[in-house]
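# Coordinate inspection notes
Spelled out, the chains give:
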Amino acid sequence: AWDVEVVDCSAEELPQYAKTPLILSVGLVRNARVDANFSQEYGWQPGVNHSVLMLGLKQDAIQIADPSQPFATETWNRETLQLLWRGLAIRLVPRR
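What you see is a predicted model, and the numbers here were worked out from it, not measured in a lab.

### Thoughts on the overall build of the chain
Counting secondary structure elements, the chain contains two helices and six strands. Mapped in sequence order, the helices and strands of the chain form the string β-β-α-β-β-β-α-β. For 96 residues, the compact-globule formula gives about 12 Å, and the C-alpha radius of gyration of the chain, at 14 Å, lands near that figure. C-alpha atoms of the chain, sized along the principal axes, occupy 45 × 25 × 25 Å. Out of the 96 residues belonging to the chain, those deemed buried represent 32%. Considering only intrachain contacts with a sequence separation of at least 6, the fraction spanning at least 24 residues in the chain is 59%. Within the structure as shown, the chain displays about 6600 Å² of accessible surface, and the carbon and sulfur contribution to it stands at 51%.

Quick look at the structure:
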């Protein structure tokens, strides 16, 4: 049996939870001043949160699966994670 655990941490602490997949809360903060590519090319809208699946770590980056993009996996560097991370994730843990 499994339980759902909420993870509340900084982007720097997130890799310590990377042993299992995590559902991350991500998005641009409202009124964010960012490179126009985040909105125009990638569709990120300031103030709108989104959920992605963190599959694991790959050297100095994280592997992401985005449910809004069919069959899409991405690699996010540390800067992208810092920009988009909203501080909360959920994961499954074995029930004790």
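### Some details on the confidence of the model for the chain
Within the chain, residue pLDDT values average 89, and 100% of them lie at 70 or more. Of all helices and strands in the chain, the one with the weakest mean pLDDT is helix H1 (residues 37-40) (78), whereas strand S2 (residues 22-26) scores best (96).

### Some words on the nonpolar core
Among the nonpolar cores identified, the biggest contains 21 residues, and Leu-14, Leu-22, Leu-24, Met-54, Trp-76 and Trp-85 are the most heavily contacted of them. If you list the elements that add at least two residues to this core, you get S2, strand S3 (50-58), strand S4 (61-65), helix H2 (78-84) and strand S6 (85-94). When near neighbours in sequence (up to four residues on either side) are disregarded, Leu-22 contacts Val-7, Leu-14, Tyr-17, Val-52, Leu-53, Met-54, Ala-89, Ile-90 and Arg-91.

### Describing the pattern of salt bridges
Tallied over the entire structure, the rule returns three salt bridges. We note a salt bridge from Glu-5 to Arg-91, for which the minimum N-O separation is 2.6 Å. Residue Glu-5 is located in strand S1 (residues 2-8), and its partner Arg-91 is located in strand S6; the two are separated by 86 residues in the primary sequence.

Basis of the calculations
Residues numbered from 1 in each chain as written. Predicted model: local features only at pLDDT ≥ 70, side-chain atom pairs only at ≥ 80, totals over all residues. Heavy atoms only, no water. Helix = DSSP H or I, 4+ residues; strand = E, 2+ residues; numbered from the N terminus. Rg over C-alpha atoms; globule rule 2.2 N^0.38 Å. Buried < 20%, exposed > 50% of the residue type's maximum accessible area, 1.4 Å probe, protein only. Contact = heavy atoms within 4.5 Å. Areas by Shrake-Rupley, 256 points an atom, 1.4 Å probe, with all protein chains shown as cover. pLDDT = per-residue confidence, 0-100. Core = buried A, V, L, I, M, F, W, Y, C linked by side-chain atoms within 4.5 Å. Salt bridge = Lys/Arg side-chain N within 4 Å of Asp/Glu carboxyl O.

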